[in-house]
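Residue-level structural notes
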Amino acid sequence: MCPVFQDVHVMIFIGFGFLMTFLKRYGFSSVGINLLLAAFGLQWGLLLQNIWHMHDGKIRVSIEKMINADFSTATVLISFGAVLGKTSPVQLLIMTLLEITIFCINEHLVVEILNVSDVGASMTIHAFGAYFGLAVARVLYRPGLRNGHENEGSVYHSDLFAMIGTVYLWMFWPSFNSAIAEPGDPQLRAVINTYFSLAACALAAYATSSLVEKKGKLDMVHIQNATLAGGVAVGTCADMDIQPFGAMAIGITAGVISTVGFKFLTPILASKLGIQDTCGVHNLHGMPGILGGLAGILAAALGKKDGVSPGYQACGLASSLGFALVGGLITGLIMKIPFWGQPPDQNCFDDSIFWEVQIGKERPLKSIRTQCKLFWTNRNYMLSQELRLNHFD
Amino acid sequence: MCPVFQDVHVMIFIGFGFLMTFLKRYGFSSVGINLLLAAFGLQWGLLLQNIWHMHDGKIRVSIEKMINADFSTATVLISFGAVLGKTSPVQLLIMTLLEITIFCINEHLVVEILNVSDVGASMTIHAFGAYFGLAVARVLYRPGLRNGHENEGSVYHSDLFAMIGTVYLWMFWPSFNSAIAEPGDPQLRAVINTYFSLAACALAAYATSSLVEKKGKLDMVHIQNATLAGGVAVGTCADMDIQPFGAMAIGITAGVISTVGFKFLTPILASKLGIQDTCGVHNLHGMPGILGGLAGILAAALGKKDGVSPGYQACGLASSLGFALVGGLITGLIMKIPFWGQPPDQNCFDDSIFWEVQIGKERPLKSIRTQCKLFWTNRNYMLSQELRLNHFD
Amino acid sequence: MCPVFQDVHVMIFIGFGFLMTFLKRYGFSSVGINLLLAAFGLQWGLLLQNIWHMHDGKIRVSIEKMINADFSTATVLISFGAVLGKTSPVQLLIMTLLEITIFCINEHLVVEILNVSDVGASMTIHAFGAYFGLAVARVLYRPGLRNGHENEGSVYHSDLFAMIGTVYLWMFWPSFNSAIAEPGDPQLRAVINTYFSLAACALAAYATSSLVEKKGKLDMVHIQNATLAGGVAVGTCADMDIQPFGAMAIGITAGVISTVGFKFLTPILASKLGIQDTCGVHNLHGMPGILGGLAGILAAALGKKDGVSPGYQACGLASSLGFALVGGLITGLIMKIPFWGQPPDQNCFDDSIFWEVQIGKERPLKSIRTQCKLFWTNRNYMLSQELRLNHFD
């Protein structure tokens with residue numbers, strides 16, 4: 001089976017799925033709903049992308065079309081990150097349906113009609129998916145979560161599960177950016193540029209995280225996300241002749257912007273603009289996606305790829321952002337209709353509203369008696385130790 | 001290195017290994033004994049499958065033969081799922097030895113002599129492995145576990161580890177079903193049919209899980225397993241010309257059957273027939289494997305592949321089931337001989353009987369004093385707060 | 001993208017990263033600092049390895065050079081295992097810089113000048129990295145940790161995370177040993193020899209672990225590490241004509257030596273020689289690496305590969321050990337300069353000194369009142385139950 005397709009497949013199902021398991025009580029939904037949306041989205045994407053190109057009333061499926069179907073689901077999974085924990089599976093299936101439809105229209109316009117170069121899809125997937133999700137999140141704003149939620153945080157092991165997602169995305173991003181590149185030199189260039197951008201970005205993310213945190217510590221949220229921003233940002237010009245130096249400059253900028261965004265911008269978006277971005281997709285996909293689009297305009301202006309014009313590149317970026325924001329607002333309004341089983345504020349970020357969670361089995365009722373007995377034994381023991389213990393006080 | 005071989009290798013060692021880590025106290029054995037059995041089984045399988053085809057007294061090893069060796073271990077790992085938690089490593093090594101031997105005989109008969117088409121091995125691996133394991137489980141029936149065992153369940157994080165296995169199996173199943181297909185069109189067809197079957201099956205499993213559970217919730221057991229049933233069921237006719245529609249019909253049927261099996265059939269098998277199927281292999285490999293065999297008979301009757309006859313396909317299914325049941329009963333009787341270090345009922349589903357588990361290190365003895373001191377401080381604090389607290393009562 | 005490169009990449013980032021997450025409170029650093037060092041090291045390695053072969057002042061990057069860059073980081077990640085938990089990120093970045101420099105010198109000498117055959121790099125990567133790390137650990141000896149540290153151990157889930165690393169390394173080691181082999185027969189031979197060595201080694205490690213532990217139990221430390229020693233030890237002669245029998249003999253020897261080393265040698269190294277080897281790299285990379293070098297000398301003497309002389313092979317082993325020990329001592333002395341933010345003894349093996357760890361979020365302060373209330377309710381309940389409970393005492 002085609003290794004590039006497999007790499008992209010791993011990014012979609014393991015990468016995105018586990019990246020979102022950082023929430024302490026939302027791991028089932030992160031990886032489980034990710035699988036549901038991706039399995040649904042790739043069928044819908046395959047249908048939509050090919051319904052106009054049928055042969056004798058049939059769609060001819062190929063590995064390349066399966067890669068494109070995976071790509072179309074990626075937009076949904078990015079938007080999912082913005083609304084993670086605050087939406088029901090039914091809402092998310094509706095979002096999948098609408099977002100992939102709008103994505104296909106925008107991609108057709110940008111890539112086929114405007115002939116824009118976006119091999120790693122910084123604009124058409126990452127920026128599009130992020131701003132679509134942010135628009136949805138804005139419409140679904142929950143004032144009740146203004147002061148946070150006790151489950152909106154990680155625990156030690158959930159952060160390690162998320163690192164599985166991070167590392168897989170990091171390792172296979174060169175395949176993502178080169179998957180639909182022209183075979184031969186352009187594909188190899190896309191691999192190598194992405195590789196350098198990611199390596200430089202990772203160092204920049206570590207350095208910036210250490211600079212903005214107290215006592216020079218590192219923050220797991222930054223490492224899980226900002227190390228990947230270089231892959232997003234180099235997407236548009238991955239197959240252009242930007243040289244390792246260009247790729248690394250893009251990567252470093254992306255790593256810094258992304259980390260700073262997590263630290264300072266995300267809280268402002270939530271408090272001032274009412275955009276509660278659970279995973280910080282604005283920092284990982286939004287700003288780096290725009291950076292990628294801008295880098296593509298610059299590279300086109302410098303003639304780094306034949307037949308690419310800076311004007312059309314700029315149109316591609318504007319189109320992606322426009323479709324994302326308008327599409328996201330409309331989709332958000334449809335998702336807001338109170339039929340779709342939205343979780344109430346207090347059940348947000350909690351798997352147990354949609355999943356059978358085996359909490360009961362961990363602490364069976366019969367053990368209360370045992371606990372009481374244990375307590376009593378301890379209490380008597382401690383009373384007998386009271387004098388000795390008082391020495392420590 | 002050959003990517004298809006690597007994909008199958010990942011399914012055997014990561015996929016099967018982590019799929020079984022769902023038990024709260026049996027993760028070491030799941031992934032560790034899985035590695036032991038697979039490492040042993042692939043050597044034994046390689047020897048047995050090639051001992052009749054030696055050149056100058058030597059076996060010529062190739063990637064294809066290594067894929068076949070991995071396949072032969074898959075049967076053992078499926079059967080392992082049925083007896084998980086209730087057997088010792090020595091028992092399982094004996095099972096590996098016998099099961100691979102019987103598998104090789106059946107596969108030789110079915111594939112070489114009867115010329116049956118079973119490219120993804122729905123019959124010769126999945127149905128065979130499942131019914132072999134169920135027959136062993138029947139012989140090893142433990143009346144003491146009739147009412148369950150406190151460790152026979154999952155905790156939150158163990159279910160997430162199991163999802164690593166599920167997602168890897170789901171992603172790489174197209175490689176499994178196409179690994180030994182004829183290169184070119186048949187191989188590509190096997191990839192695409194399996195891809196569609198899995199995508200449709202995943203949706204069916206989610207929908208069915210939500211329908212059969214209280215309040216429309218999802219059950220992690222169904223998601224971990226039933227989403228994969230489409231890969232099993234499409235195996236036999238993966239390389240046949242069944243079109244995406246056919247593949248998806250098979251996938252949907254498998255997803256529904258598998259989920260319903262977990263919900264309603266597994267408890268009945270345990271209580272009425274004395275078959276305690278820990279991982280529910282009957283639902284993931286047994287029934288979908290038979291479904292795959294039946295679909296192959298139908299596809300052969302409809303002429304979807306040249307040179308394949310429905311009668312011989314039916315013989316292949318019957319042979320696989322017959323060898324599995326008889327072989328499993330005999331193997332179970334040998335495994336029941338009380339020499340092999342079987343765990344007593346109360347130590348079932350517990351790693352600590354076969355592994356050095358670091359429980360002691362988590363709660364060192366010296367901290368009891370600290371705990372007492374902490375308790376006393378709290379107690380005094382709480383006494384001083386008593387009046388205020390009484391306001392809440 | 002090239003599958004062999006991807007496999008090696010997975011070994012470096014997932015394999016080494018997760019293998020070291022076994023420590024109960026050091027998972028963030030294991031996988032996070034692993035990513036940092038590897039992302040830094042591959043850039044430095046790529047620069048150093050190619051600075052002498054520039055074309056028109058430019059380095060020509062290729063997949064093969066990216067594989068070599070990954071290889072050069074492997075030495076650092078091996079050494080990282082020896083000093084895991086006792087060093088700061090800054091110290092480790094300095095180590096990366098120096099170790100890769102020394103590695104490049106030794107590799108150039110051994111492979112280019114002495115024309116030594118070391119396709120899987122038993123000597124130049126594994127033995128070199130291990131003894132380099134042990135020399136550093138010797139210089140950084142901490143008498144305060146002579147009696148161990150309460151965090152220097154695993155918990156149940158951290159051992160499962162480590163198994164992710166183990167299984168990935170195990171599965172992809174054939175790619176590691178064949179990555180730079182001559183395409184065609186030698187490459188296939190390297191794959192197959194490594195496959196057999198690993199399979200035999202895994203069985204030997206399980207058997208030996210069970211033999212040396214109390215009551216025949218298995219120890220997770222042995223399974224996580226010693227199962228991989230066969231991949232290390234077969235490295236030098238992986239592409240030689242040693243036949244499966246030779247590969248398996250090497251694998252079995254490595255599995256036994258490695259397990260016995262963990263059980264008996266590591267405690268002696270720590271207590272007698274002042275070498276505190278956190279991950280036991282001496283057992284996984286050190287001794288099996290030397291074994292690989294010796295097997296290569298023997299294979300050369302038996303004429304298993306054309307143009308390879310036992311004398312030069314011996315020189316290659318001696319050179320690798322010499323550069324490792326001297327280089328490690330010098331590097332250790334530089335790392336000992338008290339500028340680099342070394343953690344004090346009591347903060348060793350603890351992520352919270354370098355990472356923002358979300359302990360606070362798990363038990364927010366506001367819940368103390370809730371806890372008190374709960375305690376009080378329980379206390380009153382228990383007092384009312386006192387008579388009944390006394391029946392149990």
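Reading the values: rules and limits
- Residues numbered from 1 in each chain as written.
- Chains lettered and ligands numbered in written order.
- Predicted model: local features only at pLDDT ≥ 70, side-chain atom pairs only at ≥ 80, totals over all residues.
- Heavy atoms only, no water.
- Helix = DSSP H or I, 4+ residues; strand = E, 2+ residues; numbered from the N terminus.
- Rg over C-alpha atoms; globule rule 2.2 N^0.38 Å.
- Buried < 20%, exposed > 50% of the residue type's maximum accessible area, 1.4 Å probe, protein only.
- Contact = heavy atoms within 4.5 Å.
- Areas by Shrake-Rupley, 256 points an atom, 1.4 Å probe, with all protein chains shown as cover.
- Lys, Arg positive; Asp, Glu negative; His and termini not counted.
- Charge placed at Lys NZ, Arg CZ, Asp CG, Glu CD.
- Least-squares fit on C-alpha atoms with pLDDT ≥ 70 in both.
- pLDDT = per-residue confidence, 0-100.
- Phe/Tyr/Trp six-rings, centres within 6.5 Å; stacked < 30°, edge-to-face > 60°.
- Axes fitted to C-alpha atoms, helices over the stretch in contact; angles between N-to-C directions.
- Parallel < 35°, antiparallel > 145°, perpendicular 65-115°, else oblique.
- Left-handed = near helix turned anticlockwise from the far one by under 90°.
- Nonpolar A, V, L, I, M, F, W, Y, C, P; charged D, E, K, R; others polar.
- Core = buried A, V, L, I, M, F, W, Y, C linked by side-chain atoms within 4.5 Å.
- Bend = angle between axes of the 7 residues up to and from the residue.
- Buried area = accessible area lost by both parts, 1.4 Å probe.
- Salt bridge = Lys/Arg side-chain N within 4 Å of Asp/Glu carboxyl O.
- Polar contact = N/O pair within 3.5 Å; in protein donor to acceptor, adjacent residues only side chain to side chain.
- Expected span 1.5 Å × (residues − 1).

**So, the overall build of chain A**
Helix and strand content of chain A: 15 helices and one strand. Against the globule reference of 21 Å for 393 residues, chain A gives a C-alpha radius of gyration of 23 Å, in line with a compact fold. Judged by the C-alpha coordinates and their principal axes, chain A covers about 85 × 50 × 45 Å. Every one of the 393 residues in chain A was classed for burial, and the buried ones make up 63%. Restricting to contacts in chain A with at least 6 residues of sequence separation, those with at least 24 account for 82%. Accessible surface, chain A as shown: approximately 14,200 Å² in total, 63% of it carbon and sulfur. Each charge class in chain A can be summarised by its mean position, and for the 25 positive and 26 negative side chains these summaries are 12 Å apart.

**Comments concerning the relation of the copies chain B and chain A**
What connects the two chain copies is a rotation about an axis and a shift along it. Overlay of chain B on chain A (RMSD 0.0 Å): rotation 120°, translation along the axis 0.0 Å. As the rotation angle and translation indicate, the two copies are arranged about a three-fold axis. The C-alpha atom lying nearest the rotation axis in chain B is that of P3(B); the distance is 3.7 Å. Of all interface residues in chain B, a mere 16% are interface residues in chain A too; the two copies therefore contact each other through different surfaces.

**Quick word on the confidence of the model for chain A**
All names here are of chain A. For chain A, per-residue confidence averages 90 on the pLDDT scale, and 91% of positions sit at 70 or higher. Element-level mean pLDDT values for chain A span from 42 in helix α15 (residues 386-390) up to 98 in helix α5 (residues 122-139). Confidence metrics for the complex model read pTM 0.91 and ipTM 0.89.

**Points about the packing of aromatic side chains**
All names here are of chain B. This model, assessed by the stated rule, comprises 42 aromatic pairs over all chains. Between the aromatic rings of F18 and F161, the centroid separation amounts to 6.3 Å while the plane-to-plane angle is 25°, which identifies the pairing as stacked. Taken as a pair, F18 in helix α1 (residues 3-19) and F161 in helix α6 (residues 156-178) lie far apart in primary sequence, 143 residues in all. Across the pair, exposure class does not vary: F18 and F161 are buried alike. Centre to centre, the rings of F339 and W340 are 5.9 Å apart; their planes meet at 75°, and the pair counts as edge-to-face.

**Re the environment of A179(A)**
Residues and elements named next belong to chain A. Of note, A179 is situated in the loop between α6 (156-178) and α7 (185-212). Separated by 150 residues in the primary sequence, A179 and L329 have C-alpha atoms spaced 31 Å apart. With residues near it in sequence (within four places) discarded, A179 still touches V4, V8, I67, F71 and Q187.

**Considerations on the packing of helix α11 (residues 281-301) of chain B against helix α12 (residues 310-336) of chain B**
Residues and elements named next belong to chain B. Between α11 and α12, the shortest axis-to-axis distance is 8 Å and the interhelical angle comes to 165°. The orientation of α11 relative to α12 falls into the category roughly antiparallel. For the element pair α11 and α12, the recorded crossing hand is right-handed. Contacts between α11 and α12 pair I290, G293, L294, G296, I297, A300 and A301 from the former with P310, Q313, A314, L317 and L321 from the latter. Looking at the contact of α11 with α12 residue by residue, the class counts come to nine nonpolar, three polar and no charged.

**Considerations on unusual backbone geometry**
At K215(A), a residue that is not glycine, the phi angle is positive and equals roughly 55°. As for its position among the elements, K215(A) is in the loop between α7 and β1 (218-219). Of note, the phi angle at Q243(B) is positive, near 65°, even though the residue is not glycine. Of note, Q243(B) is situated in helix α10 (residues 243-273).

**Here we look at the relation of the copies chain A and chain C**
Rotating chain A by 120° about the axis while translating it 0.0 Å along that axis superimposes it on chain C, leaving an RMSD of 0.0 Å. Both copies present different contact surfaces, since only 16% of the interface residues of chain A are interface residues in chain C too.

**Some thoughts on the nonpolar core**
I164(A), Y168(A), I164(B), Y168(B), I164(C), Y168(C) and W355(C) are the most contacted members of the largest nonpolar core, which has 346 residues in total. Leave out the neighbours within four places in its chain, and Y168(A) touches V10(A), M11(A), I14(A), Y168(B), V10(C), I14(C) and Y168(C).

**Looking at α1(B)**
Helix geometry: α1(B) is bent most strongly at M11(B), by close to 30°. α1(B) sits mainly inside the fold: 16 of its 17 residues count as buried.

**Here's the deal with the interface of chain B and chain A**
When the parts of a complex come together, some accessible area is lost, and that lost area is often used as the size of the interface. At the interface, 45 residues of chain B touch 56 residues of chain A. Of the roughly 4,700 Å² buried at the junction of chain B and chain A (both faces included), carbon and sulfur atoms supply 74%. If you look at where chain B meets chain A, you find zero salt bridges. On the surface where chain B and chain A come into contact, there are twelve residue pairs in polar contact (both at pLDDT 80 or more). When residues of the side of chain B that touches chain A are traced back to their parent elements, those giving at least two are α1, α6, α7 (185-212), α8 (220-226), α10 and α14 (367-384) of chain B.

**Structural notes on the interface of chain A and chain C**
Chain A puts 45 residues into the contact, and the matching count from chain C is 56 residues. Buried surface at the junction of chain A and chain C, both sides included, amounts to about 4,700 Å², of which 74% is carbon and sulfur. There are zero salt bridges connecting chain A and chain C. Linking chain A with chain C are twelve residue pairs in polar contact (both at pLDDT 80 or more). Contributing elements (two or more residues each) for the side of chain A that touches chain C: α1 (3-19), α6, α7, β1, α8 (220-226), α10 (243-272) and α14 (367-384) of chain A. Tallying contributions element by element places α6(A) first for the side of chain A that touches chain C, with 14 residues. Along the lines of polarity and charge, the residues of the side of chain A that touches chain C split into 31 nonpolar, five polar and nine charged.

**Considerations on α10(B)**
Residue and element names in this part refer to chain B. In this model, α10 (31 residues) spans only 39 Å end to end at C-alpha, well below the 45 Å of a helix rising 1.5 Å per residue. A maximum bend of about 50° is found in α10 at F262. Within α10 the residues assigned to the buried category are G246, A247, I250, G251, A254, G255, S258, T259, G261, F262, T266 and L269. G274 lies just past α10 and shows a positive phi near 70°.

**Quick word on the side chain of T87(C)**
Among the structural elements, T87(C) can be located in the loop between α3 (63-83) and α4 (89-113). Looking at T87(C), its side chain comes within polar contact range of the main-chain oxygen of V83(C), at 3.2 Å.

**Observations regarding the pattern of salt bridges**
All names here are of chain A. For the coordinates displayed, the defined rule picks out nine salt bridges over all chains. Note that E213 and K263 form a salt bridge whose closest N and O atoms lie 3.1 Å from each other. With E213 in the loop between α7 and β1 and K263 in helix α10, the pair connects residues that are 50 residues apart, well separated along the chain. On the basis of relative accessibility, which here comes to 8%, the residue E213 falls in the buried class.

**Regarding the packing of α6(B) against helix α6 (residues 156-178) of chain C**
Viewed as axis vectors pointing N to C, α6(B) and α6(C) meet at an angle of 15°, and their least axial separation amounts to 10 Å. When the axis of α6(B) is compared with that of α6(C), the two are roughly parallel. In the crossing of α6(B) with α6(C), the sense of the turn from one axis to the other is right-handed. Every residue of α6(C) that contacts α6(B) at H157(B), S158(B), F161(B), I164(B) and Y168(B) is listed here: H157(C), L160(C), F161(C), I164(C) and Y168(C). The class makeup of the residues in the contact of α6(B) with α6(C) is seven nonpolar, three polar and no charged.

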